[in-house]
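Listed below are the residues making up each chain.
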Amino acid sequence: MDVLILSTRTIAMYVIVYIVLRLMGKREIGKLSVFDFVISIMIAEIAVFVIEDEDKPFWEGLLPIVILLVIQVGLAYIMLYSRKFRVFMDGKPSYLIKNGKLNRKEMKKQRYNLDDLILQLRENKITNVSDVEFAILETTGKLTVVEKQKNQAQQLPQGQSLSTQQASQPQPQPQSSSQSSKQQGQAGKKKKNKQSKQAQAQTQAQAQTVNPPAKPAKEKVRYEGLPLPLIMDGKVQDKNLDKIGKTRFWLKNELQTNGVNDFKEVFFCSIDHKGKLFVDKK
């Protein structure tokens, strides 16, 4: 009997929680802000208490869930028409990278370290920090990344179009009878040379069938590794320097070419597979 009651309460609470989440809307399911997270935890805890405590009436657990549903839907409508209230409840997005530069103050405010940033950039299929123009930490905790635009298309000179280029090309001129006879003679010589070359090619092909040439060795594909951080929070990563076979002396010389005289002045520095350094100062 106890098993039947427990099963019935579990199924009933599952249906109720499902209906409540559907009434809360797709916004709360797809976007989990702090307020949505609190409401979800409270509904889950109340549902567990109702299922476990068989002596407690079912409606006593149902009533708090309905109250939470009314609060959630009511506040969602208020946030829909009031931006100030919406910003107060959800907060504002934070720019961790702005105009290609790391925002150290905002990262410190959000308690967001460089390892977290590099991890989420890799989740967005970006391996190099220097390729990022903007990295925005949304109110849901998701990182939105905007890459730098790479304009590889070659533009034509100003005021010149494809039709003008074609018009500027020299057009063939009509030929005289003497020129045409000369060309016929040259065409006959070319035909004889072509026949002799074809005969030579046939003899070479027969020789290759007897002694086939050795196959050339396959070229090894060059591995392009991920960018390695050399300096993080002003501290040199000696292990990564050893991986690329460089020393602190080399790194210091490279930094001096970028106007940096001390490692502590650098917030983040990395090197890609092409040997290009990305330096972000404090």
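Residues numbered from 1 in each chain as written. Predicted model: local features only at pLDDT ≥ 70, side-chain atom pairs only at ≥ 80, totals over all residues. Heavy atoms only, no water.

What follows is about unusual backbone geometry. Excluding glycine, most residues fall at negative phi; most peptide bonds, likewise, are trans. The backbone of Asn 99 shows a phi angle near 55 degrees, a positive value even though the residue is not glycine. With respect to the secondary-structure elements, Asn 99 resides in the loop between strand E1 (94–98) and strand E2 (101–102). Look at Arg 111: it is not a glycine, yet its phi comes out positive at around 55 degrees. In this fold, Arg 111 is placed in the loop between helix H6 (104–109) and helix H7 (114–123). (Helix = DSSP H or I, 4+ residues; strand = E, 2+ residues; numbered from the N terminus.)

Per the counting criterion, the structure on display carries one salt bridge. Arg 248 is paired through a salt bridge with Asp 238; the nearest N and O atoms lie 3.0 Å apart. Here the residue Arg 248 occupies a position in helix H11 (residues 248–257), and Asp 238 occupies one in helix H10 (residues 238–243), the gap between them amounting to 10 residues. Judged by relative accessible area, Arg 248 falls into the partly exposed class, the value being 41%. Residue classification places Asp 238 among the partly exposed positions, given a relative accessible area of 33%. (Salt bridge = Lys/Arg side-chain N within 4 Å of Asp/Glu carboxyl O. Buried < 20%, exposed > 50% of the residue type's maximum accessible area, 1.4 Å probe, protein only.)

On to the side chain of Gln 120. Take Gln 120: it is sitting in helix H7. A polar contact of 3.0 Å, which involves the side chain of Gln 120, links it to the side chain of Tyr 112. Sequence-distant contacts of Gln 120, defined by excluding residues within four places in its chain, comprise Tyr 112, Gly 141, Lys 142 and Leu 143. (Polar contact = N/O pair within 3.5 Å; in protein donor to acceptor, adjacent residues only side chain to side chain. Contact = heavy atoms within 4.5 Å.)

Note that Pro 93 resides in the loop between helix H5 (83–90) and E1. Taking the C-alpha atoms as reference points, Pro 93 and Thr 144, 51 residues apart in sequence, are found 9.8 Å from one another. When near neighbours in sequence (up to four residues on either side) are disregarded, Pro 93 contacts Ile 136, Leu 137, Glu 138 and Thr 139.

Before going further, it helps to spend a moment on the side chain of Ser 130. Mapping Ser 130 onto the fold places it in the loop between H7 and strand E3 (132–137). Polar contacts involving the side chain of Ser 130 include one to the side chain of Asn 128, which spans 3.1 Å. In this view, Ser 130 contacts Lys 148 and Phe 278; residues no more than four positions away in its chain are not counted.

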